[in-house]
Amino acid sequence: MPDPIASVPIETLVAFEEPHQSERRPTDLVSITVSLFNYGRFLEECLASVAAQTHPDLELIIVDDCSTDGSEKVAATWLAQHKRRFARALLVRHLQNQGLSQARNTGFLLANADFVFALDADNVIYPRAIARLYEALAGTDFGVAYSQLETFDEAPGLGYADIWDPAHLARGNYIDAMALIAKWAWQKVGGYTLMKFGWEDYDLWCKFVEHGIAGVFVPEILCRYRIRSASMLRQITNPRVVDLIQDMTARHPWLALKPP
Amino acid sequence: MLQRQTPREENTSFLRRIYRALPLSERQRQVIRRVVRLAKIGANGQSAWSLFGRSGAAKTNEAESQALATLKQRLSAFPLFDDEDYLALHADVRASGMDPKTHFITHGVFEQRALAKPETIIARLSAYSADLGGTSFAVPQLTEAELARLRSQEIGVFVHSRGNFFMREIAELLLADLQALSLPATLRDERSNPAACPPISIFVAPHEFFAQEEGTAWTNRKLVARSLLYPTEQFGTSWGTFALPYLLTCRGILESNPQNWRVFCATGVPSLFYFPGFAESENGAAEEPPNHPLLAGLPKAARAFDPAAASWKDRPLDILFIGAESPLREAFFAEHAAFFAARPHCLYYVRLGEKPFAAENDDDPRPALNRYLARRAKIILNLHQSPVPYFEWHRIVVQGMWNGAVVVSDKCLPHPIFRPGEHYFESNAESIPELMRWILDTPEGRREAMRVQANALAALRGPASRPAMAARLADFLLSFLLGS
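Residues numbered from 1 in each chain as written. Chains lettered and ligands numbered in written order. Predicted model: local features only at pLDDT ≥ 70, side-chain atom pairs only at ≥ 80, totals over all residues. Heavy atoms only, no water.

Draft legend 1. The arrangement of the pairing of strand S7 (residues 317-324) of chain B in detail. Residue and element names in this part refer to chain B. Extensive coverage of S7 is indicated by the burial of eight of its eight residues. Pairing of S7 with strand S9 (residues 377-382) involves three bridges; the strand directions are parallel. The partner of Leu317 across the bridge, within S9, is Ala377. The sheet contact formed by S7 and strand S8 (residues 345-350) spans six bridges and is parallel. The residue bridging Phe321 from the neighbouring strand is Leu347, located in S8. (Buried < 20%, exposed > 50% of the residue type's maximum accessible area, 1.4 Å probe, protein only. Helix = DSSP H or I, 4+ residues; strand = E, 2+ residues; numbered from the N terminus. Pairing = 2+ DSSP bridges.)

Structure, rendered in structure tokens:
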């Protein structure tokens, strides 16, 4: 039995459940967990894209990692207006800032569905995203489904997604966190490792590889990844990349990462 | 002072962009590194040119000067090399005072230096588009005696065993054309004995074949002078540059690009405008789904679809694009991402420097994958990789038309058989999404698409059919026997 994944103290700011939800129990329910830290100005665009999904049965879990700029209020206001789109909607707030890994784990722990989409508050998904990823993942042995990305804002382009290939992963991460993950797979590998300086998604994929869990690549542009010079990854991880490489290689000795 | 350059130190941004845009596998990158090592041999006093200059016999300075002079003469007649551009692009050559053609032949080829500015190349290629309508596609009627004469000569089709899988596919299609006339042709690779080349030897993708280091047994003037070459690369790219000395000194060229074909004719090298012919039986065949992980990510409707039993309008993928990354392509997809995201599509955008899916055995599943996807797509999108707008025969004809898909392309240099608005659709890049929307969503567009699809099929069964292309190929090969 895998160790239970640590939960941390939270307060629930909004909790909505569709009436008769517990009786209806839609079989193709998908959870979307949105991790929020001070990205209130991008949040509405993110949440609107979730509400616009073609896949009907969704639950939305917003995890505020103790924002300091009132971003959680943006979330609460939006939910007040749009919660009925969802079978269930939650806004919870960590009592202390815990970092992105824990914010994601909190979302997964609270999720009722078998499949959870990890979405950061500054990103956006196209309307067919959940439906297509769910189609690729449901009823299979894959642990994750992910699509090609469009990068936008300051650096328009395409992402680096490609077919699941451990040899390719060994040379560097090419699969973004924005993916539909089977909850059993997340559970089996002990959830996201708590990593302060980024690469928690890469670490999760590496753990999947080590547990013999494979992913499925959906060759469509379905998700949008915001690139800004001030984004977390560029702020925090660039000076730390050598440390990250050493840390990752220690945990996953089969990696073949080269320092920049 | 001449600076020895490796491709990484290349100071022309155009070439760097093109180089990055090449669909190179890990194996091809290994080949490039070998070529770079060859170039560095010159630093030890031995000229890189001498590797090409070797004739297998005792090398004399006179023989080498003669070879150099011949190649310079051919290069003078080659319209896509420009002395002034070359000096403008490569400051060290200008500073050294060396003649640009001499530098190119002895160093520039190996260092993959640009032949001319991209705008020059585009302008010159366009000039060779003027009278393509005059190209004859009459099917030569060979007599039984002529065929018998051809059949008495072994034909070797050479392709590098570790090269790009597209090249192997082209070689196999060429072989099929030859075998359709019962010509004794066999597929060979670099492991054959160079001293035992058949009387008619055709080297597919010479840029790959001759870039190898082992023994330099193949890179000698005499072998090249009596061989036919089938180049696959475009000028304005590094690989196009690399093959040039071989192309200018070989016996004859099979060229599938009409502008390049005219250029070679103008240069004085016997050339046939040729591309492998379409055979209905092969392309209508029922298929096994290829063993490729990409299939697992396709919509269920695509995996359940039977192309033989359904019509074009029922195809489950609206749009298919498979291709390597390039700045032009990336800008296009970024700008029109929302259009694609709203529709069932398949975009396989290959990043360079990655290991492609490694097949367990020699049978590379990617040609089968491309066919499988193309038969399930309504539209195949063609976007140029480089600024030079070649008509990309492999994607447009083999992937698109041969599989009953309708091709939408950005603007191409003219082609004598396949014309825009008649056999495929073409527009400038910004208008492509609107064009695709019209084809997919309006009754008029769908009707036009069916008309274009029917026209393409008629062309494939007519001038581009296997019997037609095979007959023209045989006629061309016969001319070498008659001349020998």
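Back to the write-up after that little detour.
Draft legend 2. Fine view of the pairing of strand S7 (residues 144-153) of chain A. Residue and element names in this part refer to chain A. Burial analysis of S7 places nine of its 10 residues in the buried class, the great majority of the element. Alignment of S7 against strand S9 (residues 180-182), held across two bridges, turns out to be antiparallel. Among the inter-strand pairings, Ala145 is bridged to a residue of S9, identified as Leu180. Bridging between S7 and strand S10 (residues 215-227) involves 10 bridges; their strand directions are parallel. Looking at S10, one finds that Glu150 is bridged to Arg224. Inspection of the sheet shows S7 paired to strand S8 (residues 157-158) by two bridges, in the antiparallel sense. Bridge pairing in S8 links Glu150 to Leu158. The hairpin turn running from S7 into S8, its antiparallel successor, is three residues long.

Draft legend 3. Just the interface of chain A and chain B, in detail. Of the residues lining the interface, 24 residues belong to chain A; the matching set on chain B comes to 28 residues. Area buried by chain A at its contact with chain B is led by A:Leu158, A:Ile163 and A:Pro219, which between them contribute 26% of it. For the pair chain A and chain B, the number of links is zero salt bridges. Scanning the region where chain A abuts chain B turns up 12 residue pairs in polar contact (both at pLDDT 80 or more). Going through the elements one at a time, helix H5 (129-137), S8, helix H6 (166-171) and S10 of chain A are the ones with two or more residues in the side of chain A that touches chain B. The leading source of residues in the side of chain A that touches chain B is S10(A), at seven residues. (Contact = heavy atoms within 4.5 Å. Buried area = accessible area lost by both parts, 1.4 Å probe. Salt bridge = Lys/Arg side-chain N within 4 Å of Asp/Glu carboxyl O. Polar contact = N/O pair within 3.5 Å; in protein donor to acceptor, adjacent residues only side chain to side chain.)

Draft legend 4. Quick look at the pattern of salt bridges. All names here are of chain A. By the definition in use, this model includes 40 salt bridges over all chains. The closest approach of N and O atoms between Asp203 and Lys207, which form a salt bridge, is 4.0 Å. Linking Asp203 with Lys207, this pair stays in helix H8 (residues 200-210), spanning four residues, or about one helical turn. Both residues of the pair, Asp203 and Lys207, count as buried. Here the salt bridges do not stand alone but share partners, grouping Glu11, Asp64, Glu72, Lys73 and Arg93 into one network.

Draft legend 5. Here's a closer look at helix H4 (residues 100-110) of chain A. Counting buried residues in H4(A) gives nine out of 11 residues, a clear majority hidden from the surface. What H4(A) keeps buried is the set A:Leu100, A:Ser101, A:Gln102, A:Ala103, A:Arg104, A:Asn105, A:Thr106, A:Gly107 and A:Phe108.

Draft legend 6. Layout of the environment of A:Asn123. All names here are of chain A. The residue Asn123 is located in the loop between strand S5 (115-120) and strand S6 (124-125) in this model. Classification of Asn123 as buried rests on a relative accessible area of 2%. Along the sequence, Asn123 and Leu79 sit 44 residues apart, while their C-alpha atoms lie 18 Å from each other. With residues near it in sequence (within four places) discarded, Asn123 still touches Cys46, Met178, Arg224, Tyr225 and Arg226. There is a polar contact of 2.8 Å between the side chain of Asn123 and the backbone nitrogen of Arg226.

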